[in-house]
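# Structural description and commentary
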Amino acid sequence: MILDDFLSFDANGLYCRYGDFYLDPKQPVAKAVITHAHADHAVSGNTNVYATTATIAFMQLRYGKSAGKVIYTADYNAPFELGGVQITFIPAGHMPGSAQVLMEYKRARYLYTGDYKLQPDSTCEPMQFVKADVLITESTFAEPNTAHPDPVEEIKKLNDIKVNILLGAYSLGKSQRLIRMINDYAPQKKILVHHRIMPINAIYEKMGFALGKHQMYGRKLMKTQEEWVYIVPPFTFDSYLRATGVKRLFASGWKNLQVNAQDTLFISDHADWADILHTIEQTQPKQVWTLHGEGKHLRDHFKNDIFVKLLN
Ligand SMILES: [Zn+2]
Ligand SMILES: [Zn+2]
């Protein structure tokens, strides 16, 4: 039997009253199940943290000891119990260690996707589909007119740019995917990386996700036009606003927010409309609960076929 109040939002975030834990809480809590290490999902200061090994490694890099007082790691597809709820992490294809959270309670299966993507990405574990009674999905891009372009075609745009490139990207996840893809699809480019990104790359390599050739940025480099691509986090990108002799590009999945398509590589780490529909088809849920975005388009789409509930 599906319990309608199995998950609900309170001041700290998404809460499961039957297991007394939070999923990706916004504030530090007693028991936090964390899907992946992006800062909007993984906060510091939780007492008990439950996550994959990779998620914990990234959290410890960012937060040190504040990553959590007591840390529990679980492998993918290895169930464990939390307050009477059986929990299993399933690969989400979003970044290394990213997990969907399968929760089984009183013979009902609830699957919280966290952030996920279906596009191929050799810098993380691929998304895995499992069946569930209730699919709790993010709906960041849950609008019928969202369709992410082919990321390979986006990366190949770099081949047409002959001047040095300053490429802005989020440090964790996006930067590493870009390094791998530039090596694969624009191999003549010489990749420089901001020093803040390098320790994250080291964790990737240690986990067996080879990124390909790249080196740490140095002041003496990039003085000449040698098809350099310098990958920097957003705050550094903004500080180079008036840089001359370089093409500034930002890698983003947010098509609507970008003013100028000439200055953007559209590479998203989220599911678009077709991907969400495909995930629902594979998961075969009786109900879909939505969060992070607009669930109303899914509700209109499935009308009487699947019950869609908007959690926020
Ligand atoms: Zn994320
Ligand atoms: Zn997110």
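It should be noted that the structure appears before, not after, this text.
Throughout what follows, the structure given in this document is the object of discussion. (Residues numbered from 1 in each chain as written. Chains lettered and ligands numbered in written order. Predicted model: local features only at pLDDT ≥ 70, side-chain atom pairs only at ≥ 80, totals over all residues. Heavy atoms only, no water.)

## Some words on the nonpolar core
Short version of the rule: Buried Ala, Val, Leu, Ile, Met, Phe, Trp, Tyr and Cys residues that are joined via side-chain atoms within 4.5 Å together make up what is termed a nonpolar core. The rule is simple: take the accessible area with a 1.4 Å probe, protein chains only, and divide by the maximum for that residue type; under 20% is buried, over 50% is exposed, in between is partly exposed. Helix numbers and strand numbers start at the N terminus; a helix is a DSSP run of H or I with at least 4 residues, a strand a run of E with at least 2.
Core analysis: the biggest nonpolar cluster contains 43 residues, and Phe-58, Ile-155, Leu-167, Leu-178, Ile-182, Ile-231 and Leu-265 have the highest contact counts within it. Sorting elements by how many residues they give to this core places helix 1 (residues 53–63) first, with 5 residues. Leu-23, Ile-87, Ala-108 and Trp-289 belong to the second largest nonpolar core, which has 27 residues in total.

## Quick notes on the sheet that holds strand 15 (residues 228–232)
The condition that has to hold: DSSP bridges decide pairing: two strands pair if at least two such bridges lie between them.
Pairing is parallel in the open sheet, where 6 strands are placed in the order 14-13-15-12-16-17. What marks the edges here is a single partner per strand, and that holds for strand 14 (215–216) and strand 17 (264–266). Across 4 bridges, strand 13 (residues 190–193) lies against strand 15 in parallel orientation. When the bridges of strand 15 are listed, Ile-191 appears paired with Val-229.

## Thoughts on helix 1
Just so we agree on the cut-off: Any two residues whose heavy atoms approach within 4.5 Å at even a single point are treated as in contact.
By the burial criterion, the buried members of helix 1 are Ala-54, Thr-55, Ile-56, Phe-58, Met-59 and Tyr-63. Packed against the buried residues of helix 1 are strand 5 (48–51), strand 6 (70–73) and helix 4 (198–206). Positioned one or two residues after helix 1, Gly-64 has a phi angle of 60°, which is positive.

## Describing the coordination of the zinc ion (ligand 2)
Applied cut-off: Distances decide who is a donor: an N, O or S atom must be within 2.8 Å of the metal, or within 3.2 Å for Na, K and Ca. Water is not included, so sites may look incomplete.
Protein coordination at the zinc ion (ligand 2): the donors are His-41 (NE2) and Asp-115 (OD), at 2.1 to 2.2 Å from the metal. Between the zinc ion (ligand 2) and the zinc ion (ligand 1) the interatomic distance amounts to 3.5 Å, and Asp-115 serves as a bridging ligand to the pair. With His-41 in the loop between strand 4 (31–33) and strand 5 and Asp-115 in the loop between strand 10 (108–112) and strand 11 (134–139), this residue pair connects regions lying 74 residues apart in the sequence. Comparing His-41 with Asp-115, the two get one shared label, buried.

## Some thoughts on the coordination of the zinc ion (ligand 1)
Ideal geometry at a metal gives 109.5 degrees between four tetrahedral donors and either 90 or 180 degrees between six octahedral ones. For the record, the criterion: Only four donors with every angle between 85 and 135 degrees are called tetrahedral; only four or six donors with opposite donors over 155 degrees apart and all others between 65 and 115 are called square planar or octahedral, in that order; all others are irregular.
At this site the zinc ion (ligand 1) is bound by His-36 (NE2), His-38 (ND1), His-94 (NE2) and Asp-115 (OD), with donor distances of 2.2 to 2.3 Å. Each of the 4 donor atoms around the zinc ion (ligand 1) contributes to a set of angles spanning 90 to 169°, which defines the coordination as irregular. Every donor residue of the zinc ion (ligand 1) comes from the same chain, spaced as H-x1-H-x55-H-x20-D. Classification of His-36 as buried rests on a relative accessible area of 0%. Overall, His-94 belongs to the buried group, its relative accessible area being 4%.

## Things to note about the pairing of strand 6
We count it as follows: With strands facing away from the observer, any crossover in which the path from the first strand over the helix to the second runs clockwise is taken as right-handed.
For strand 5 and strand 6, the ladder comprises 4 bridges, and the chain directions are parallel. When the sheet's bridge partners are listed, Asn-48 is paired in strand 6 with Val-70. In the classification by handedness, the crossover that spans strand 5, the intervening helix 1 and the parallel strand 6 is right-handed.

## Some points on the sheet that holds strand 9 (residues 99–105)
Our working rule: Geometry is summarised by axes, namely lines fitted to C-alpha atoms with helices restricted to the contacting stretch, and by angles between N-to-C directions that run from 0 to 180 degrees.
Spatially, 7 strands are ordered 7-8-9-10-11-18-19 in an open sheet, and the strand pairing comes out mixed. The open sheet is flanked by strand 7 (80–82) and strand 19 (307–310), the only strands paired with a single partner. When the angles between neighbouring strand axes are averaged without regard to direction, this sheet yields 25°. Pairing of strand 18 (residues 287–293) with strand 19 involves 4 bridges; the strand directions are parallel. Residue pairing in the sheet places Thr-290 in a bridge with Leu-310 of strand 19.

## Overview of the environment of Asp-300
The topology assignment puts Asp-300 in helix 7 (residues 296–302). Separated by 39 residues in the primary sequence, Asp-300 and Ala-261 have C-alpha atoms spaced 30 Å apart.

## As for the packing of helix 1 against helix 4
Going by this rule: Working definition: roughly parallel below 35 degrees, roughly antiparallel above 145 degrees, roughly perpendicular at 65 to 115 degrees, and oblique for all remaining angles. Two helices that cross are described as forming a left-handed crossing if the nearer one is turned anticlockwise from the farther one by less than a right angle, and a right-handed crossing if clockwise. Classes in brief: Ala, Val, Leu, Ile, Met, Phe, Trp, Tyr, Cys and Pro nonpolar; Asp, Glu, Lys and Arg charged; the others, Gly included, polar.
Helix 4 packs onto helix 1 with a crossing angle of 160° between their chain directions and a minimal axis gap of 11 Å. Taken together, the axis directions place helix 1 and helix 4 in an arrangement best described as roughly antiparallel. Our pair here, helix 1 against helix 4, has a crossing hand that is right-handed. Taken together, the residues of helix 4 that come into contact with helix 1 (itself represented by Ala-57, Phe-58 and Leu-61) are Pro-199, Ile-200, Ile-203 and Tyr-204. The residue makeup of the contact of helix 1 with helix 4, split by class, is 7 nonpolar, no polar and no charged.

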